[in-house]
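The primary structure of each chain is shown beneath.
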Amino acid sequence: AGEASPPLLRPTPMVANTLSGTKVEFRPREGNTIRWYICGPTVYDSSHLGHARTYVAFDMIRRILESFFGYDIFCVMNVTDVDDKIILRARRNHLLAEYRAASPALAQVVSDGKEELVNAQASYHAKVAKLEAGLAAETRSGMRQGIQEELDTAHYKHRLVVGYEKALQEAEAGAGGDVDALLGKVGDLIAARLDDAKGAEVRDQGIFRAHAAHYEKEYLEDMKLLGVRVPDVLTRVTEFMPQIVKYIEKIIENGFAYEAQGSVYFDIREFSKTHGYRKLSWNAASVLAAMAEGEGALASNEGKKSEMDFALWKKSKGGEPSWESPWGGGRPGWHIECSVMASELLGDVLDVHGGGIDLCFPHHDNELAQAEAYYGHQQWVNYFLHSGHLYIGYQKMSKSLKNFFTIREVLKGGSEMKISEEESVTLPPYSARQMRLLFMMHQWDQPMYFSKDTLDVAVGKEKTFKDFFGMVKALARDDLESVANKVQAWGPDDVALNKRVEETQIAITAALTDNFNTPMALLKMQELVSAVNVYITAAGPDAKFLLINKAACYIGKIFKTLGIDDDCSAFPFVTSQGGGDDEEVLGATLDALCAFRDEVRKGARGKETPEWFTAKAAECRAGTLADLDAKVAGKVSALPQVLGAMRQWVDSVSAAAEAKEGAVMYLKLCDKVRDDVLPALGVRLEDRTDGSFLWKLDDAEVLLRERAEQIQVASEAAKKKVENKLAMKVKDLDKWKSSTQTPAEMFKAMADKYSKFDDAGVPTHTAAGEELSKKQRQTAEKDFKKKEAEYTKQQEQLAATPGLVAGIEKEIEDLRKLMAEL
């Protein structure tokens, strides 16, 4: 016996590690196990597309590592359920709800809004003045860039204030609607005023917990809609308070933190003596602004040794949730939670830590510092993965900038997206699959620019793969017969396609190994689909189903690895109705309906008699329909509707035959069942160029939307055709009306060119009174004779056709009526 082959070695993935700033080999500490922590959401509001981009990206990477490379992953993700943003939003929502419940008069709302508007304007101008002064004084290019970004953001946010001002002015003028309508526009402004006055009086901690719980549930629902797998462990800050307190005590004991007036701060200067700080963001432009945002809007910063020090524990003030600690009542700083919860479950060294690039500094840098200060070592995380920014209109998407779309808004459709300062478009609904394809199209760690155009590209790619898998599934309906009754020996085209499949497998492995390059993997799958389609067209009936199926199964495997239709269906992208016997009978029913339609089409084109159509309809009722009736009886899936549609259609053919309709009517009936009847049942029917047909199951909603778009495009094309014809007729009318003017009258009307004429009407002098030169006179005479010939010809045509002008005017009138109807 020969020696056993050595086990195949899987490739080692290369990953973009923010810690090194390069792509490096990925090697977990403990063999096949990966210990991975993901920064989850701060649940103060609905999840937006920026969240979708990050969590879908990490979901795909997790799936690739597990399903493609075969690693075992222990995945932990946190939910930040106590934070300054949550406190402010919960408190303000609570106070605004009380304000609404008190039924204030419209005048009161306007007055309150105007008072707070003064504060908002003053705050804006003070911030801009400070930033402009800082920009003027700063000479370092990196710092200038950071200040300029802050300044641009301040100007952008001020548009909200301008919007509040406009709404209040309209309400004051009586054009702003009722109180509810006004609060819908200026609610945030009023809430800020209420919070300043009464925020400290909100003492019910249940208000904060209920707010966070609501948006946590919404986030989890959104992730489920997008096909993002849940983590192995979900941690909440509020459930780790004892561990957080002990962790902070250890950092103080190690000499890297200090207590000040009831708060605890991390000592950056002391830490930097023995450790590196800002390992992730060493080249960041603006440090202090990012630090301030990380500390939170409610931070007091009292007792800090340095402005770079950050809070591990914050002393709570009135209107803020509070937990007991050795330093008094308070709550954790933002950064400490992740260091504690990740350490608690994953230990002193993590293989992978992931999050959005906006968390890089200060959050992740501070996490690293805290853990290293706690454990006394130099490296807490081996691989830091950061997903790229998401931009709308080339500006980073942000809740604070109010330039975001929630995940639910995009899935539902109907939101307005600005494509310029003057123009907006309404987004249609997009599916979760289309969203995942959109993110697959972009490298996970690079910036992504979101627009309707990029969404539509994703929709186009989905259609390409949907059509491909639908065709393969249609071929699979006759797979046994196809294999049994056809020659299976391969020829050159079969060998070439198989080679293309193998090359694609190698290329996709290389792409996924190279920093999870999903755009390249997607491109290679598209190219393979094109190659299979070309093969099928060229091979015709000799195409080998088994080879086609091999290519489809491989593409399906990669899509399922990446989380596209990760279920038990044979192929992704393909809609299934019913299952088992139901799907088999559904297939037989659709085969019968489409076959009968094909007969009717051929009969219409062959100019068959009404009696022929009557006989065919009767034959279908007695045979096919009777047989299917027995199989469909008692079914509750789509089968009864499909069979009912078939019966109605057969009846419509009979009715046309009884009315002695011509061939055109039967062809219209055939188009109607393809374009209107079957799409409503979730069936796409394609008439192929070789005279055959192919049906595929699809989402009825998608098909009906496609049909509506086709009708709209056809309508616009018809309207454009009428517009062009109308313009041509108007031009003709102008020509014929001008033909009543003699050449002499025509030239005399050119006062800007000529001033004197001879007896025949030919120009002799320029508009300035100078006599025309010999050459100018010859040109004028030539133009005059040309116009004279045209005039004579037109007069002859008008004499021969007395109603010519009136006829053109009638055509123009009819075309304008048709335009109005379109």
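Residues numbered from 1 in each chain as written. Predicted model: local features only at pLDDT ≥ 70, side-chain atom pairs only at ≥ 80, totals over all residues. Heavy atoms only, no water.

Enquirer: Let's hear about the overall build of the chain: which residues, and what values?
Expert: For the chain, the count of helices and strands is 26 helices and 20 strands. On C-alpha atoms alone, the chain measures out to a radius of gyration of 37 Å, which is more than a quarter above the 28 Å that the 2.2 N^0.38 rule sets for 822 residues. Overall, the C-alpha framework of the chain stretches about 110 × 100 × 60 Å when taken along its three principal axes. When burial is assessed residue by residue, the chain has 47% of its 822 residues classed as buried. (Helix = DSSP H or I, 4+ residues; strand = E, 2+ residues; numbered from the N terminus. Rg over C-alpha atoms; globule rule 2.2 N^0.38 Å. Buried < 20%, exposed > 50% of the residue type's maximum accessible area, 1.4 Å probe, protein only.)

Enquirer: Residues and numbers for the pattern of salt bridges, please.
Expert: Between side chains of opposite charge, pairing is possible as soon as their charged atoms come close. Considering all chains together, one arrives at 57 salt bridges under this definition. Put simply, Glu 320 and Arg 331 hold a salt bridge, and the shortest N to O gap is 2.6 Å. Placement of the pair is Glu 320 in the loop between strand 8 (310-315) and strand 9 (330-332) and Arg 331 in strand 9, with a sequence separation of 11 residues. When sorted by exposure, Glu 320 lands in the same class as Arg 331, which is buried. Put simply, Arg 597, Arg 601, Asp 671, Arg 674, Asp 675, Asp 676, Asp 687 and Arg 707 are held in one network by salt bridges that share partners. (Salt bridge = Lys/Arg side-chain N within 4 Å of Asp/Glu carboxyl O.)

Enquirer: I'd like to hear about helix 5 (residues 179-198), residue by residue, with values.
Expert: Here helix 5 is 20 residues long, yet its end C-alpha atoms lie only 21 Å apart, well below the 28 Å a rise of 1.5 Å per residue gives. Turning to helix 5, its buried residues are Val 179, Leu 182, Leu 183, Val 186, Gly 187, Leu 189, Ile 190, Ala 191, Ala 192, Leu 194 and Asp 195. Looking at the packing, one finds that the buried side of helix 5 touches helix 2 (84-101), helix 3 (106-137) and helix 4 (141-172). The N-terminus of helix 5 is capped by Asp 178, whose side-chain oxygen sits 3.4 Å from the backbone nitrogen of Asp 180. (Expected span 1.5 Å × (residues − 1). Contact = heavy atoms within 4.5 Å. Polar contact = N/O pair within 3.5 Å; in protein donor to acceptor, adjacent residues only side chain to side chain.)

Enquirer: Summarise the packing of helix 3 against helix 5; cite the residues concerned and give the values.
Expert: The N-to-C vectors of helix 3 and helix 5 enclose an angle of 50°; their axes lie 9 Å apart at closest approach. Here helix 3 is positioned oblique relative to helix 5, judged by the angle of their axes. The handedness of the crossing between helix 3 and helix 5 comes out as left-handed. Mapping the contact onto sequence places Leu 106, Val 109, Val 110, Asp 112, Gly 113, Glu 115, Glu 116, Leu 117 and Ala 120 in helix 3 and Val 179, Leu 182, Leu 183, Leu 189, Ile 190, Ala 192, Arg 193 and Asp 196 in helix 5. Grouping the constituent residues of the contact of helix 3 with helix 5 by class yields 11 nonpolar, one polar and five charged. (Axes fitted to C-alpha atoms, helices over the stretch in contact; angles between N-to-C directions. Parallel < 35°, antiparallel > 145°, perpendicular 65-115°, else oblique. Left-handed = near helix turned anticlockwise from the far one by under 90°. Nonpolar A, V, L, I, M, F, W, Y, C, P; charged D, E, K, R; others polar.)

Enquirer: Give a detailed account of the packing of helix 14 (residues 452-476) against helix 18 (residues 545-561), specifying residues and quantitative values.
Expert: One can describe the packing of helix 14 onto helix 18 by two numbers: an axis separation of 10 Å at closest approach and a directional angle of 135°. With respect to their mutual orientation, helix 14 and helix 18 come out oblique. Handedness of the helix 14/helix 18 crossing: left-handed. Between helix 14, through Phe 465, Phe 468, Phe 469, Val 472, Leu 475 and Ala 476, and helix 18, the contact on the second element is made entirely by Phe 545, Ile 548, Ala 552, Ile 555, Gly 556 and Phe 559. Across the contact of helix 14 with helix 18, the residue classes tally to 11 nonpolar, one polar and no charged.

Enquirer: Can you break down the packing of aromatic side chains residue by residue, with the values?
Expert: Tallied over the entire structure, the rule returns 24 aromatic pairs. For the pair Phe 26 and Tyr 71, a centre-to-centre distance of 5.8 Å together with 85° between the ring planes defines the contact as edge-to-face. With Phe 26 in the loop between strand 2 (22-25) and strand 3 (33-38) and Tyr 71 in the loop between helix 1 (49-68) and strand 4 (72-79), this residue pair connects regions lying 45 residues apart in the sequence. A centroid spacing of 5.2 Å and a plane angle of 80° characterise the contact between Phe 68 and Phe 69, whose relative ring orientation is edge-to-face. You can call Phe 69 buried: its relative accessible area is 3%. Three or more aromatic residues joined by ring pairs form one cluster here, namely Trp 36, Phe 58, Trp 444 and Phe 516. Above the ring of Trp 695, the side-chain terminus of Arg 477 is found at 3.3 Å from the ring centroid. (Phe/Tyr/Trp six-rings, centres within 6.5 Å; stacked < 30°, edge-to-face > 60°. Lys NZ or Arg CZ within 6 Å of the ring centre and 35° of its normal.)

Enquirer: Describe the sheet that holds strand 8, naming the residues involved and giving the relevant values.
Expert: The strand order 6-7-8-9 describes an open sheet built from four strands, whose pairing is antiparallel. Strand pairing shows two members of the sheet lacking a second neighbour, strand 6 (257-260) and strand 9, which therefore form its edges. Averaged over all adjacent pairs, the angle separating strand axes in this sheet is 20°, with direction ignored. As defined by bridge partners, strand 7 (residues 263-266) adjoins strand 8 across three bridges and the pair is classed as antiparallel. Looking across to strand 8, one finds that Phe 266 is bridged to Phe 310. Along the sheet face, helix 7 (residues 241-253) touches strand 6, strand 7, strand 8 and strand 9 and points at about 125° away from the line of strand 8. (Pairing = 2+ DSSP bridges.)

Enquirer: Could you give an account of unusual backbone geometry, with specific residues and numbers?
Expert: Across residues other than glycine, the phi torsion is negative in most instances, and most of the peptide bonds are trans. For the peptide bond that leads from Phe 361 to Pro 362, omega is 5°, which places it in the cis range. Mapped onto the elements, Pro 362 comes out in helix 11 (residues 360-375). Despite not being glycine, Arg 278 shows a phi value in the positive range, around 60°. Structurally, the position occupied by Arg 278 is in the loop between helix 8 (268-272) and helix 9 (288-295). Using a relative accessible area of 16% as the deciding quantity, one classes Arg 278 as buried.

Enquirer: Describe the sheet that holds strand 5 (residues 233-236), and please don't skip the residues or the numbers.
Expert: Here five strands make up an open sheet; going across it, the order is 5-4-3-10-11 and the pairing parallel. In this open sheet, the two strands that pair with only one neighbour each are strand 5 and strand 11 (381-387). Each neighbouring strand pair of the sheet contributes to a mean axis angle of 20°, computed without reference to strand direction. Relative to strand 11, strand 10 (residues 350-356) runs parallel, the two sharing six bridges. Of the residues in strand 11, the one forming a bridge with Gly 355 is His 386. Contacting strand 3, strand 4, strand 5 and strand 10, helix 10 (residues 336-346) crosses the sheet at an angle of about 150° to strand 4.

Enquirer: I'd like a description of the side chain of Asp 698, backed by residues and values.
Expert: Its place among the elements puts Asp 698 in the loop between strand 18 (693-697) and helix 23 (700-738). Polar side-chain contacts of Asp 698 include one of 3.0 Å to the side chain of Lys 466.

Enquirer: Before we move on, could you go through the nonpolar core and cite the residues and values that matter?
Expert: In terms of nonpolar packing, the biggest core is built from 85 residues, with Leu 65, Phe 469 and Phe 559 touching the most fellow members. Ignoring sequence-local partners within four residues, the contact set of Phe 559 consists of Leu 437, Met 440, Phe 465, Phe 469, Leu 522, Met 525, Ile 564, Pro 572 and Phe 573. The next biggest cluster of nonpolar side chains, apart from the first, holds 43 residues, and it includes Val 76, Ile 251, Leu 346 and Ala 373. (Core = buried A, V, L, I, M, F, W, Y, C linked by side-chain atoms within 4.5 Å.)

Enquirer: Could you give an account of the side chain of Asp 112, with specific residues and numbers?
Expert: Tracing the backbone shows Asp 112 in helix 3. Taking the relative accessible area as the measure of exposure, Asp 112 reaches 7% and is therefore buried. Among the polar contacts made by the side chain of Asp 112, one reaches the side chain of Gln 108 at a distance of 2.8 Å. Ignoring any residue separated from it by four or fewer positions in sequence, one finds Asp 112 in contact with Tyr 99, Ile 190 and Arg 193.

Enquirer: Run through the environment of Leu 427, naming residues and quoting values.
Expert: For Leu 427, the location among the structural elements is in the loop between strand 15 (424-426) and helix 13 (432-440). For Leu 427, a relative accessible area of 3% corresponds to the buried category. Between the alpha carbons of Leu 427 and Glu 416 there is a distance of 6.3 Å; along the sequence they are 11 residues apart. Sequence-distant contacts of Leu 427, defined by excluding residues within four places in its chain, comprise Phe 405, Gly 413, Gly 414, Ser 415, Met 417 and Lys 452.

Enquirer: Report on the state of the cysteines, specifying residues and quantitative values.
Expert: In the structure shown here, the tally under the stated rule is zero disulfides. Unpaired in terms of disulfides, Cys 338 finds its nearest cysteine sulfur in Cys 39, a separation of 3.7 Å. Residue Cys 338 is classed as buried on the basis of its relative accessible area, which comes to 0%. (Disulfide = S-S within 2.5 Å.)

Enquirer: Could you give an account of helix 11, naming the residues involved and the relevant values?
Expert: Over its 16 residues, helix 11 extends 21 Å from the first C-alpha to the last, a length consistent with the 22 Å expected when each residue adds 1.5 Å. Of all 16 residues making up helix 11, 14 are buried, and the element is well covered by its neighbours. Once helix 11 ends, the next one or two residues include Gly 376, with phi positive near 80°.

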